[in-house]
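Read off the chains here:
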Amino acid sequence: MMLDFVPLPHTVVLEKASNELDEWGESVTGNSPPVKIRAKIKYNSRNEEIGIASGEVIRYTAQILLEGIPDVDYIDFLTWTDDRGRAFRKNPVEIIYKHDMSGNPVAMRVTV
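The notes below deal with the structure included here. What you see is a predicted model, and the numbers here were worked out from it, not measured in a lab.

The rules behind the values
Residues numbered from 1 in each chain as written. Predicted model: local features only at pLDDT ≥ 70, side-chain atom pairs only at ≥ 80, totals over all residues. Heavy atoms only, no water. Helix = DSSP H or I, 4+ residues; strand = E, 2+ residues; numbered from the N terminus. Rg over C-alpha atoms; globule rule 2.2 N^0.38 Å. Buried < 20%, exposed > 50% of the residue type's maximum accessible area, 1.4 Å probe, protein only. Contact = heavy atoms within 4.5 Å. Lys, Arg positive; Asp, Glu negative; His and termini not counted. Charge placed at Lys NZ, Arg CZ, Asp CG, Glu CD. Phe/Tyr/Trp six-rings, centres within 6.5 Å; stacked < 30°, edge-to-face > 60°. Lys NZ or Arg CZ within 6 Å of the ring centre and 35° of its normal. Pairing = 2+ DSSP bridges.

Overview of the overall build of the protein
Alright, step 1. Within the protein, the secondary structure is distributed over 0 helices and 11 strands.
Alright, step 2. Its helices and strands taken in sequence order, the protein reads β-β-β-β-β-β-β-β-β-β-β from the N to the C terminus.
Alright, step 3. In terms of C-alpha radius of gyration, the protein reaches 15 Å, essentially the compact-globule figure of 13 Å for 112 residues.
Alright, step 4. Principal axes of the C-alpha set define a box for the protein whose edges measure 45 × 30 × 30 Å.
Alright, step 5. The buried share of the protein, reckoned over its 112 residues, is 35%.
Alright, step 6. Pairs at least 24 apart in sequence give 51% of the contacts found in the protein among residues at least 6 apart.
Alright, step 7. Taking the average location of the 13 positive side-chain charges in the protein and that of its 17 negative ones, the two points are 9 Å from each other.

A word on the packing of aromatic side chains
Alright, step 1. Within this structure, the stated rule accounts for 1 aromatic pair.
Alright, step 2. Relative to Phe-88, the ring of Trp-80 has its centre 5.2 Å away and its plane inclined at 15°; by these criteria the two rings are stacked.
Alright, step 3. The ring of Phe-77 is capped by Arg-89, whose NZ or CZ atom sits 3.8 Å from the centre of that ring.

Some points on the pairing of strand E7 (residues 62-67)
Alright, step 1. E7 sits mainly inside the fold: 5 of its 6 residues count as buried.
Alright, step 2. As judged from the 5 bridges shared by strand E4 (residues 35-43) and E7, these two strands associate in the antiparallel manner. From the neighbouring strand, Lys-40 faces E7, where its bridge partner is Leu-65.
Alright, step 3. Two elements, E7 and strand E11 (residues 105-111), share 5 bridges in a ladder whose sense is antiparallel. Looking at E11, one finds that Leu-66 is bridged to Met-108.

Here it is in structure tokens:
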């Protein structure tokens, strides 16, 4: 269950990718229907860079707080539209679970 005091005004569409690759080496999507998830999106307007688990330093587009703990993997695609109407479709570069006071996962922060 999501914490009630966190507003989730956005919607993100999760497209699950399969382990199959197309002729260009990209993950194939479309084997399962897209899933809409309530979210809060924080954009990287200052072009900040972060270090991720692989040791790389990347400049990210946004950090997305997803309601619940959806089945998101690094090969999947997240699609959303910003307040100016621009559409984005990106793979996660970092996935972090958020826990409540008892240690149960209640949300997921995905960096794209």
